[in-house]
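Chain by chain, the residues:
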Amino acid sequence: MIESTYLQATRMAYDTVAADYAELLRDELDSKPLDRAMLAAFAELVQASDAGEVADLGCGPGRVTAHLQSLGVNAFGIDLSPEMVAVARRDYPDLRFEEGSMTALKLADDAVGGAVAWYSTVHTPPEVLPTVFSEIHRVLAPGGHLLMAFKVGDERRHLNQGYGHKLSLDVYWMQPEHIAELLSNAGLVLDAQLIREPDESEKPRSSRQAFFLAHKPFES
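What counts, and at which threshold
- Sequence order as written defines residue numbering, which begins from 1 separately in each chain.
- Only residues with pLDDT of at least 70 are given local features in this predicted model, and only at 80 or more are side-chain atom pairs given and counted; all residues enter the totals for whole chains, interfaces and linings.
- By convention in this description, side-chain values take in all heavy atoms of the structure and omit both hydrogens and water.
- The angle between two axes is taken between their N-to-C directions and runs from 0 to 180 degrees, where each axis is a line fitted to C-alpha atoms and a helix contributes only its stretch in contact.
- The secondary structure listing takes helices from DSSP runs of H or I that are at least 4 residues long and strands from runs of E that are at least 2 residues long, numbered from the N terminus.
- The labels follow the angle: roughly parallel below 35 degrees, roughly antiparallel above 145, roughly perpendicular from 65 to 115, and oblique for the rest.
- Crossing handedness follows the turn of the near helix against the far one: under a right angle anticlockwise gives a left-handed crossing, and clockwise gives a right-handed one.
- Contacts: residue pairs with any heavy atoms within 4.5 Å of one another.
- Any residue outside Ala, Val, Leu, Ile, Met, Phe, Trp, Tyr, Cys, Pro, Asp, Glu, Lys and Arg is labelled polar, Gly included; the first ten of those are nonpolar and the last four are charged.
- A pairing counts as a salt bridge when a side-chain nitrogen of Lys or Arg comes within 4 Å of a carboxyl oxygen of Asp or Glu.
- Only protein chains enter the accessibility calculation, which uses a 1.4 Å probe. A residue is then buried if its area is under 20% of the maximum for its type, exposed if over 50%, and partly exposed in between.
- Any two rings among Phe, Tyr and Trp, with Trp reduced to its six-membered ring, count as a pair given centres within 6.5 Å; such a pair is stacked if its planes are under 30 degrees apart, edge-to-face if over 60, and tilted if neither.
- Should the NZ of a Lys or the CZ of an Arg lie within 6 Å of a ring centre and within 35 degrees of the ring normal, that charge is described as sitting over the ring.
- To qualify as a nonpolar core, a set must consist of buried Ala, Val, Leu, Ile, Met, Phe, Trp, Tyr and Cys residues joined through side-chain atoms within 4.5 Å.

Enquirer: It is not clear to me how the packing of helix α2 (residues 33–49) against helix α3 (residues 63–70) should be interpreted in this structure. Could you clarify?
Expert: Here α2 crosses α3 at 55°, and the two axes come no closer than 10 Å. Compared by their axis directions, α2 and α3 come out oblique. The crossing of α2 and α3 is right-handed. Every residue of α3 that contacts α2 at Arg-36, Leu-39 and Phe-42 is listed here: Val-64, His-67 and Leu-68. A class-by-class count of the residues in the contact of α2 with α3 yields four nonpolar, one polar and one charged.

The following block contains the structure:
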């Protein structure tokens, strides 16, 4: 199968910026209490359901994977970029990280009790999102939970530079109502959502940020 052009572009961009990205965002969660609150709620839900380990999809350099682990969650990471995976393995040698794509996860059906997509769908073209959410539904165990974060809006921006490097990467802003509909179409039930305004570190380049908690029902 020929790989999609957007996957090639995304991998190349993050291979290029991996080391600098990891350094610049290493402590980002420290100044984002609402983001941490959603991660904490997700961790509590996953632990209560006791449905299995958690896959951090599009884990990048592993900072969210490690944060989940610190909350008592048995988490591992999957990322499209080999360089990001290498950085994650270097910085968090006690955790597991694998290469892979959210469009075709190398996981068995019902394999994980939780999945996190922390801004990892923002480079996915809208027409591909149903495939991603169907894959998440497939690999989640019944009763398993999903936490996703994304940028609120209705546009595509093309980046020619980021994290101190030249690159070529599309970023998609999506409306929460549309994401909710796609999750429902994939068989996932939306439990909660948080929409927050951009903080000082995100202005003026960013918009509102959305955080969704959903689950896979026992009968779907």
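Enquirer: Mind showing me how you'd approach the pattern of salt bridges here?
Expert: Note that side chains of opposite charge can pair when their charged atoms are close. Throughout the structure, instances matching the rule amount to 13 salt bridges. In this structure, Glu-155 engages Arg-157 in a salt bridge whose closest nitrogen and oxygen atoms are separated by 3.1 Å. The exposure class assigned to Glu-155 is partly exposed, which follows from its relative accessible area of 38%. Arg-156 is paired through a salt bridge with Asp-170; the nearest N and O atoms lie 3.0 Å apart. Residue Arg-156 is found in strand β6 (residues 155–162), and its partner Asp-170 is found in strand β7 (residues 165–173); the two are separated by 14 residues along the sequence. The exposure class of Arg-156 is partly exposed, given its relative accessible area of 49%. Note on Asp-170: relative accessible area 23%, which makes it partly exposed. Among the charged side chains, a salt-bridge network with shared partners connects Glu-23, Arg-26, Arg-90 and Asp-91.

Enquirer: Help me out: how do you make sense of the packing of aromatic side chains in this one?
Expert: For the coordinates displayed, the defined rule picks out five aromatic pairs. Geometrically, the ring pair formed by Tyr-14 and Tyr-21 is edge-to-face, given 5.8 Å between the ring centres and 80° between the ring planes. Classification of Tyr-21 by relative accessible area gives buried; the value is 13%. With 6.3 Å between their ring centres and 85° between their planes, Tyr-119 and Phe-211 make a pair best called edge-to-face. You can see Tyr-119 sitting in the loop between β4 (112–118) and α5 (129–139) and its partner Phe-211 sitting in strand β9 (residues 209–215), a full 92 residues away along the chain. The pair formed by Tyr-119 and Phe-211 is uniform in burial state, with each residue classed as buried. The rings of Trp-118, Tyr-119 and Phe-211 are connected pair by pair, giving a single aromatic cluster. Positioned over the ring face of Phe-76 is Arg-96, at 4.1 Å from the centre of the ring. For Arg-157, the ring lying beneath its charged end belongs to Trp-173, and the centroid distance is 4.1 Å.

Enquirer: Explain the nonpolar core to me, please; I cannot follow it from the model alone.
Expert: Considering soluble globular proteins, one finds that nonpolar side chains tend to be buried as a cluster. Within the largest apolar cluster, 30 residues are counted, with the highest numbers of intra-cluster contacts made by Leu-57, Phe-133, Ile-136, Leu-146, Met-148, Ile-179 and Leu-183. For this core, the secondary structure elements donating two or more residues are β1 (54–57), β2 (75–79), β4, α5, β5 (140–151), α6 (176–185) and β9. Sorting elements by how many residues they give to this core places α5 first, with five residues. Setting aside anything within four residues of it in sequence, one finds Ile-136 in contact with Leu-57, Ala-115, Leu-146 and Leu-188. Counting residues in hydrophobic clusters, the runner-up holds 21 residues, among them Leu-29, Met-38, Phe-42 and Leu-68.

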